[in-house]
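Breakdown of the fold
Listed here are the chains, written in short residue letters.
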Amino acid sequence: MTAPRKLHIKSYGCQMNVYDAQRMVDTLAPEGFVETANAEDADLVILNTCHIREKASEKVYSELGRLRLAKEEAAKQGKEVRIAVAGCVAQAEGEEIIRRAPVVDIVVGPQSYHHLPQLLRRAAQDGRAVETEFPIEDKFTALPQPRPAAIRARGISSFVTVQEGCDKFCTFCVVPYTRGMEVSRPVARIVEDVMRLADNGVREITLIGQNVNAYHGESEDGATWSLGRLLHRIAAIPGIARLRYSTSHPRDVDDALIEAHRDIPAVMPFVHLPVQSGSDRILAAMNRKHSASDYLRIVDKFRKAREDIAFSSDFIVGFPGESEEDFAATLALVRQISYAAAYSFKYSPRPGTPAAELEGMVTASVMDQRLARLQELIDSQQAAFNAAAIGTTVDVLFERPARNPGQIVGRTAYLQPAHVIAPPDIIGQVRPVAIESLERYSLLGTLADTPPPADRLSMSSLPTGA
Ligand code: 5AD
Ligand code: SF4
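All values derive from a computational prediction rather than experimental measurement.

A cluster of nonpolar side chains, contributed by F169, Y177 and M181, occupies part of the molecular surface with about 290 Å² of accessible area. Among the secondary structure elements, Y177 is positioned in helix α8 (residues 175–178). Judged by its relative accessible area of 39%, Y177 falls in the partly exposed class.

The following block contains the structure:
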């Protein structure tokens, strides 16, 4: 028997890439590859890239510079290391990557991961292999299922892709070009995946897609199901305690989705609903297909259906033509909603997108200043949201031992990390926790359904870092 070859995947960007990385590991396992956390040990290094903003793309090339040295060093010792670039930069730049970084052996777009074994063979034969087509066959059915041991090693929370691609064509966004048109997976396939995960200890499922609530998958009876309907079906699978979905577009929120939050206890009251801007003029230039008041109305409907619901969002500051007045409208919208969390980004022109052709670039210093103002407001809302948990009892799904011995870390409904002193067999359970304090973004408390342990959790025992 030959020794297993080692595979290291470094993922950048979104949750879809994290999930895809796992699928690549599953695809290469039958080829004798085992995963290693250490790039230096690897026989194959895959950079799973993100093209969403310029900085994300540029990281790939600096990483490739480092890998070139490591590859040369390995070659001196007679070891052959292969380097692959996957993900959205691979899709967008194709052959160009090899021209710019000849150290790369394989370029593989997100629709072709099931071809990785063939691409490796082709690279061994020809020195290079590039595949960035959108193949006709369904990559999801072609990808091997994860082995039970792999599922267990990945923990109690799992992503499941339900749709991929996007037809919205927001003018700033590369996704419709790198991930292609919107495709929904059939209900039966998703149910099979979730059942397999649940059978192997997974308790929380996050349904993911670039525009997840555009989901319109075919069910067994030939009908087309919305995301709301799919959530009902998945919630019925034994073992699934919590359901989430990401990322949603406000235009695709329908009543069935809102009602799912009201009617299904497993559906968590936390929705990532990017708005990008609070200015109608900018929203129109972004081709978002909704106004600020449409967004507020949707948030209101969610809140009426489930009063403890909280929101997170994405924002872009400095979109071309954004005036101080437009930016003030964004701040006003943030104040009106009051977010539990949010991500904000400086506009980054992406080649090939309509916004990249627009005049009226906002200067770097104005962008920096607006980003800082927005982040300060969001941070204060997030801090207030987290502080409001102190003194309450909340359900926590326990995930893993914390870095400090004796502590187990889990998450609240709002994805806040919560630390308690508890035995490890609590992992996988949802238990009430009396929240006593907050350290940075982490909540600290005690199990509310068992007597408090003698050795109470102290603030200083929490690990530092996010
Ligand atoms: N510039 C800045 N931010 C962007 N995003 C997408 N494209 C761009 C861009 N060109 C942000 C949006 C999106 C998130 C995933 O990334 O806010 O919701
Ligand atoms: Fe990009 Fe999201 Fe707009 Fe689709 S809806 S184009 S993924 S920002």
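What follows continues from the structure just given.
A word on the nonpolar core. Ranked by size, the top nonpolar core spans 54 residues in total, and within it L207, L231 and F302 carry the most contacts. In terms of residues, this core owes the most to one element, helix α9 (residues 187–199), which gives 6 residues. Ignoring sequence-local partners within four residues, the contact set of L207 consists of V160, V162, V212, L227, L230, L231, I234, R244, Y245 and S246. Among the nonpolar cores identified, the runner-up in size contains 22 residues, and A42, V89, I97 and A101 belong to it.

Another aspect to go through is the sheet that holds strand β4 (residues 82–86). In spatial order, the strands read β2-β1-β3-β4-β5-β6; together these 6 strands make up an open sheet with parallel pairing. Two strands bound the open sheet, and with one partner strand each, they are β2 (33–35) and β6 (129–131). For this sheet the average axis-to-axis angle between neighbouring strands, irrespective of direction, equals 20°. Two elements, strand β1 (residues 5–11) and β2, share 3 bridges in a ladder whose sense is parallel.

This part takes up the site of ligand 2. Neighbouring ligand 2 are the residues C166, K168, F169, C170, F172, C173, V175, P176, H249 and R288. Considering only residue class, the shell around ligand 2 consists of 7 nonpolar, 1 polar and 2 charged.

S246 connects to T247 through a cis peptide bond whose omega is 5°. Within the fold, T247 resides in the loop between β13 (242–246) and α11 (255–263).

Here the focus is the pattern of salt bridges. Scanning the entire structure with this criterion turns up 30 salt bridges. A salt bridge links K168 to D252, with the shortest nitrogen-to-oxygen separation between them at 2.8 Å. Here D252 lies in the loop between β13 and α11 and K168 lies in the loop between β8 (163–164) and α8, a separation of 84 residues in the sequence. Among the residues examined, K168 registers a relative accessible area of 14% and is labelled buried. Each of the salt bridges in this network shares a partner with another, and the network as a whole consists of K71, E80, R82 and D105.

Neighbouring ligand 1 are the residues I52, R53, F172, Q276, D314, I316, F345, K346, Y347, S348 and R350. The side chain of R53 places a nitrogen or oxygen atom 2.8 Å from an oxygen atom of ligand 1. Within the side chain of Q276, a nitrogen or oxygen atom sits 2.6 Å from an oxygen atom of ligand 1. The fraction of the free accessible surface of ligand 1 (400 Å²) that becomes covered by protein chains is 87%. Put simply, the parts of the chain that give the shell around ligand 1 at least two residues each are β15 (310–317) and β16 (341–346).

The contact between helix α1 (residues 15–28) and helix α5 (residues 116–126) brings their axes to 9 Å, and the two run at 70°. What the angle tells us is that α1 and α5 run roughly perpendicular. On the side of α1, the interface is formed by M24, T27 and L28, while α5 contributes L116, P117 and L120. Among the residues forming the contact of α1 with α5, the class breakdown is 5 nonpolar, 1 polar and no charged.

Another point: the packing of helix α13 (residues 292–305) against helix α14 (residues 324–337). Where α13 contacts α14, the two axes come as close as 11 Å, and the packing angle between them is 10°. Of the possible angle classes, the one that applies to α13 and α14 is roughly parallel. Together, A292, Y295, L296, V299 and R303 of α13 and L333, Q336 and I337 of α14 make up the contact between the two elements. Across the contact of α13 with α14, the residue classes break down as 6 nonpolar, 1 polar and 1 charged.

Our focus in this paragraph is α5. Counting along an α-helix, one turn takes 3.6 residues, and residues three or four places apart therefore face a common direction. Within α5, the full set of buried residues consists of L116, P117, L119, L120 and A123. Take α5 and look down its axis: the buried residues cluster within an arc of 165°, on one side only. Looking at α5, the residues exposed on the side facing more than 90 degrees away from the buried face are Q125 and D126. Buried-residue contacts for α5 involve α1, β2, β3 (44–49), β4, β5 (106–108) and β6. One or two positions beyond α5, positive phi appears at G127, with a value near 85°.

Moving on to the domain arrangement of the protein chain. As assigned here, the protein chain comprises domain 1 (5–131), domain 2 (143–357) and domain 3 (393–461). A straight line from the C-alpha centre of domain 1 to that of domain 2 covers 28 Å. Listed per partner, the contact involves 25 residues of domain 1 and 28 residues of domain 2. Carbon and sulfur atoms supply 57% of the area buried between domain 1 and domain 2, which totals about 2,300 Å² over both sides. Looking at the side of domain 1 facing domain 2, the largest losses of area belong to Q15, M16 and Y19, adding up to 27% of the total buried there. Note that D20 is salt-bridged to R179, the shortest N-O span being 2.9 Å.

Glancing now at the sheet that holds β16. Sheet architecture is open: 3 strands sit in the order β14-β15-β16, paired in parallel fashion. A single partner strand is all that each edge strand has here, and the edge strands are β14 (270–272) and β16. Taken pair by pair, the neighbouring strands of this sheet meet at an average axis angle of 15°, ignoring direction. Pairing of β15 with β16, which is carried by 6 bridges, proceeds in the parallel orientation. Bridge pairing in β16 places F315 opposite S344.

Reading the values: rules and limits
- Residues numbered from 1 in each chain as written.
- Chains lettered and ligands numbered in written order.
- Predicted model: local features only at pLDDT ≥ 70, side-chain atom pairs only at ≥ 80, totals over all residues.
- Heavy atoms only, no water.
- Patch = residues over 30% accessible without salt bridge, like charges linked within 9 Å, V, L, I, M, F, W, Y side chains within 5 Å.
- Areas by Shrake-Rupley, 256 points an atom, 1.4 Å probe, with all protein chains shown as cover.
- Salt bridge = Lys/Arg side-chain N within 4 Å of Asp/Glu carboxyl O.
- Helix = DSSP H or I, 4+ residues; strand = E, 2+ residues; numbered from the N terminus.
- Buried < 20%, exposed > 50% of the residue type's maximum accessible area, 1.4 Å probe, protein only.
- Core = buried A, V, L, I, M, F, W, Y, C linked by side-chain atoms within 4.5 Å.
- Contact = heavy atoms within 4.5 Å.
- Pairing = 2+ DSSP bridges.
- Axes fitted to C-alpha atoms, helices over the stretch in contact; angles between N-to-C directions.
- Near = heavy atom within 4 Å.
- Nonpolar A, V, L, I, M, F, W, Y, C, P; charged D, E, K, R; others polar.
- Polar contact = N/O pair within 3.5 Å; in protein donor to acceptor, adjacent residues only side chain to side chain.
- Parallel < 35°, antiparallel > 145°, perpendicular 65-115°, else oblique.
- Arc of directions from axis to C-beta.
- Domains from an automatic or database assignment.
- Buried area = accessible area lost by both parts, 1.4 Å probe.

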